[in-house]
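Observations on the three-dimensional arrangement
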Amino acid sequence: MKRLIDCSWNEIDALDRARTIVLFPIGSIEQHGWHMPVGTDYLIAEAISKALAVRETDGFDALLLPSLQFGLNTEHTGFVGTITLSARLLLELLEAQLNEMLDDGFRYFAFLNTHGGNTGLLEIFVREMKAKHPDCRITSLQYFQHGFFDTLREHIDNPIGADVHAGELETSILQYLSPELVHMDVPQEKLKERNCKSGELPKFWLTRDVSGSGIMGDATLARPDKGKIYFDYICDSLEQSIICFMQDAMAGSAQ
């Protein structure tokens, strides 16, 4: 795989359009409790991009665009440092990126999403773009679907499993990726507030209504060694999803 920003224009132009997938990582800038930076989702998206870029692909090429920092995160409004784009603006921005690559002749696309709040919007966007561009293949890939981390249950100490926001899972990942940005020396009650499954939260919840610190989980259970396990599992799963998508896309185009 290759990162677009590391390539010259003629290297990009030399890619076989019929055997290349363009990947759009997208994160978010939003509160992650007292102990983690607002750029957590973006930092994870960038780390995934860099990790995937060094992996080899068999039978196709993959081009990773720079990670989009901003997403749709209205659920975290009311916390200083949270920056959300409107749904309309984000859709326009996603389509603008897609159109640039379409104009360059690319036809296979996937969005790599690291923020749960982007999920619904990406589903709408993918459906609209598939209808608008029937000659292209497009999907979104993420790790928010139910049961994604079930196979890692022995490495998750939280009794509820994978927590909702800024808890064991995300804190462990960032402790592994950027330990200097994680500050666990905050009051312990600020590290394990509203620890419950997402299905137990009120419908259409806003974070400020359910958690004063911004956490929905238990960050006291985080450890960097678990973060490596989670992160590697995410990258492996996304890589496998990309391979499966491209195999299906190329097979369909050959028919």
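Description of the structure in this document. Predicted, not measured: the structure shown is a model, and the values here were computed from it.

1. Comments concerning the packing of aromatic side chains
Within the structure shown, the criterion is met by ten aromatic pairs. A ring pair is formed by Phe24 and Phe109, whose centres lie 6.0 Å apart and whose planes are at 40 degrees; its orientation type is tilted. Remark: Phe109 occurs in strand β4 (residues 108–113) and Phe24 occurs in strand β2 (residues 20–26); sequence separation between them is 85 residues. When sorted by exposure, Phe24 lands in the same class as Phe109, which is buried. Ring pairing ties together the aromatic residues Tyr143, Phe144, Phe148, Phe149 and Tyr233, which thus form one cluster. In this structure, Arg17 packs its charged tip against the face of Phe106, placed 4.4 Å from the ring centre.

2. Here we look at the nonpolar core
By size, the foremost hydrophobic cluster in this structure holds 40 residues, and its most contacted members are Ile21, Leu23, Ile48, Leu52, Phe149, Ile234 and Ile242. Breaking this core down by element, the ones donating at least two residues are β2, α2 (40–53), β3 (61–64), β4, α5 (168–177) and α7 (224–254). For this core, the leading source of residues is α7, giving ten residues. If near-sequence neighbours (up to four positions away) are discounted, Leu23 is found in contact with Met1, Ala62, Leu63, Leu64, Leu65, Ala110, Leu112 and Ile242. By size, the runner-up hydrophobic cluster in this structure holds 26 residues, among which are Leu65, Leu68, Phe111 and Ile138.

3. Some points on empty space enclosed by the protein
Scanning the model with the defined rule gives one cavity of 30 Å³ or more in all. Approximately 40 Å³ is the volume attributed to the largest cavity. Those elements that place two or more of their residues in the lining of the largest cavity are α2 and β4. The residue makeup of the lining of the largest cavity, split by class, is six nonpolar, two polar and no charged.

4. Remarks on α5
For α5, a buried count of eight out of ten residues is recorded, marking the element as mostly surrounded by other parts of the structure. When α5 is considered as a whole, its buried residues turn out to be Glu168, Leu169, Glu170, Thr171, Ser172, Ile173, Leu174 and Gln175.

5. Focus: unusual backbone geometry
The phi torsion at Ala166 lies on the positive side, around 65 degrees, for a residue other than glycine. Tracing the backbone through its elements, the reader meets Ala166 in the loop between β5 (137–142) and α5.

6. A closer look at the layout of surface pockets
Considering only enclosed or pocket space, the largest pocket measures out at about 1,200 Å³ in volume. Lining the largest pocket are 39 residues; nearest its centre among them are Gly116, Phe144, Asp163, Val164 and Ser198.

7. Looking at the pairing of β5
The side chains of a regular strand alternate, residue by residue, between the two faces of the sheet. The element β5 is largely enclosed, with a buried count of five among its six residues. As paired elements, β4 and β5 share six bridges and run parallel to each other. By the bridge assignment for β5, Tyr108 is matched with Arg137. Handedness of the β-α-β unit built from β4, helix α4 (residues 119–132) and β5 comes out right-handed.

8. Comments concerning α4
Structurally, the α-helix is built with 3.6 residues per turn, so residues lying three or four positions apart point the same way. Taking 1.5 Å as the rise per residue, α4 with 14 residues should run 20 Å; its terminal C-alpha atoms sit 20 Å apart, in good agreement. Taken together, the buried positions of α4 are Thr119, Leu121, Leu122, Phe125, Val126 and Met129. Along the long axis of α4, the arc covered by the buried residues comes to 150 degrees, so they all point the same way. Exposed residues lying more than 90 degrees from the buried face of α4 are Arg127 and Ala131.

How each quantity is defined
Residues numbered from 1 in each chain as written. Predicted model: local features only at pLDDT ≥ 70, side-chain atom pairs only at ≥ 80, totals over all residues. Heavy atoms only, no water. Phe/Tyr/Trp six-rings, centres within 6.5 Å; stacked < 30°, edge-to-face > 60°. Helix = DSSP H or I, 4+ residues; strand = E, 2+ residues; numbered from the N terminus. Buried < 20%, exposed > 50% of the residue type's maximum accessible area, 1.4 Å probe, protein only. Lys NZ or Arg CZ within 6 Å of the ring centre and 35° of its normal. Core = buried A, V, L, I, M, F, W, Y, C linked by side-chain atoms within 4.5 Å. Contact = heavy atoms within 4.5 Å. 1 Å grid on protein atoms, 1.4 Å probe; cavity = no way out; pocket = protein on both sides within 12 Å on 5 of 7 lines; lining within 4 Å. Points joined across faces, edges and corners; volume = space filled by probe spheres on them. Nonpolar A, V, L, I, M, F, W, Y, C, P; charged D, E, K, R; others polar. Pairing = 2+ DSSP bridges. Right-handed = clockwise from strand over helix to strand, strands pointing away. Expected span 1.5 Å × (residues − 1). Arc of directions from axis to C-beta.

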